[in-house]
Amino acid sequence: ARITALATKIKAAQVPEIEQMTGWLKTWNEPAQMASGHGMGDGMMGDGDLKKLDAAQGTEAAKLFLTRMIAHHEGAVTMAQTEISQGKNPDAIQLSKAIVTSQTAEIQEMKGLLASL
């Protein structure tokens, strides 16, 4: 139940962030699709990971979800820190700072949940 609640909270936080960034890309006439080369190295789950998660049950599913979501968040924090240090758009920098704060807290929460399994 705690992991489901966390997943729901993460989704609720990320949907508006994604919508905001997609809106910027459209405004800037940039593609809104993920660039090639963006993948496992930055915490994104591949098709194999998604299939394993879909097939997993109980504690195994919880551990797999938390492990992959921690990596995903760590990748997002790294990208956000790059935007903070190298970005030029004040709104993107502000969003990046919010992402670093919220996702760092979520990483700690997920690590605690993972340790309790």
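Residues numbered from 1 in each chain as written. Predicted model: local features only at pLDDT ≥ 70, side-chain atom pairs only at ≥ 80, totals over all residues. Heavy atoms only, no water.

**Quick notes on the overall build of the protein chain**
Then, number 1: Counting its regular elements, the protein chain contains 4 helices and 0 strands.
Then, number 2: In the protein chain, the succession of helices and strands from N to C terminus is α-α-α-α.
Then, number 3: The buried share of the protein chain, taken over its 117 residues, is 30%.
Then, number 4: The long-range share in the protein chain, meaning contacts at least 24 apart out of those at least 6 apart in sequence, stands at 69%.
Then, number 5: About 7600 Å² of surface is accessible on the protein chain, with carbon and sulfur atoms providing 57% of the total. (Helix = DSSP H or I, 4+ residues; strand = E, 2+ residues; numbered from the N terminus. Buried < 20%, exposed > 50% of the residue type's maximum accessible area, 1.4 Å probe, protein only. Contact = heavy atoms within 4.5 Å. Areas by Shrake-Rupley, 256 points an atom, 1.4 Å probe, with all protein chains shown as cover.)

**Some details on helix 4 (residues 90-116)**
Then, number 1: The end-to-end C-alpha separation of helix 4 is 39 Å, in line with the 39 Å expected for 27 residues at 1.5 Å each.
Then, number 2: For helix 4, the complete set of buried residues consists of Ala 92, Ile 93, Leu 95, Ser 96, Ile 99, Val 100, Gln 103, Glu 106, Ile 107, Met 110 and Leu 113.
Then, number 3: Capping the start of helix 4, Asn 89 holds a side-chain oxygen 2.8 Å from the backbone nitrogen of Asp 91, two or three residues further along. (Expected span 1.5 Å × (residues − 1). Polar contact = N/O pair within 3.5 Å; in protein donor to acceptor, adjacent residues only side chain to side chain.)

**Quick look at the packing of helix 1 (residues 2-27) against helix 4**
Two quantities define a packed helix pair, namely the angle between the axes and the distance from one axis to the other.
Then, number 1: Remark: helix 1 packs on helix 4, axes separated minimally by 12 Å, with the N-to-C direction vectors making an angle of 160 degrees. By the angle between their axes, helix 1 is roughly antiparallel relative to helix 4. Once helix 1 is placed against helix 4, the crossing between them reads as left-handed. Across the interface between the two elements, Arg 2, Ile 3, Leu 6, Lys 9, Ile 10, Gln 14, Glu 17, Gln 20, Met 21 and Trp 24 from helix 1 touch Asp 91, Ala 92, Leu 95, Ile 99, Ser 102, Gln 103, Glu 106, Glu 109, Met 110, Leu 113 and Ser 116 from helix 4.
Then, number 2: In terms of residue class, the contact of helix 1 with helix 4 is made up of 10 nonpolar, 5 polar and 6 charged. (Axes fitted to C-alpha atoms, helices over the stretch in contact; angles between N-to-C directions. Parallel < 35°, antiparallel > 145°, perpendicular 65-115°, else oblique. Left-handed = near helix turned anticlockwise from the far one by under 90°. Nonpolar A, V, L, I, M, F, W, Y, C, P; charged D, E, K, R; others polar.)

**Things to note about unusual backbone geometry**
Then, number 1: A positive phi angle is found at Asn 29, which is not glycine, with a value near 55 degrees.
Then, number 2: Turning to its location among the elements, Asn 29 is positioned in the loop between helix 1 and helix 2 (47-55).
Then, number 3: Among the residues examined, Asn 29 registers a relative accessible area of 71% and is labelled exposed.

**Brief notes about the side chain of His 73**
Then, number 1: Structurally, His 73 is set in helix 3 (residues 58-86).
Then, number 2: The buried category is assigned to His 73, whose relative accessible area is 0%.
Then, number 3: Not counting residues up to four positions away in its chain, the partners in contact with His 73 are Ile 10, Gln 14, Gln 103, Glu 106, Ile 107 and Met 110.

**Describing the pattern of salt bridges**
Then, number 1: In this structure the tally under the stated criterion is 2 salt bridges.
Then, number 2: Of the charged contacts, one joins Lys 9 and Glu 109 as a salt bridge, the two residues approaching to 3.0 Å between their closest N and O atoms. Taken as a pair, Lys 9 in helix 1 and Glu 109 in helix 4 lie far apart in primary sequence, 100 residues in all.
Then, number 3: By relative accessible area, Lys 9 is classed as partly exposed at 41%. (Salt bridge = Lys/Arg side-chain N within 4 Å of Asp/Glu carboxyl O.)

Note that every value here comes from positions in space, so none of it alone points to a role or purpose.
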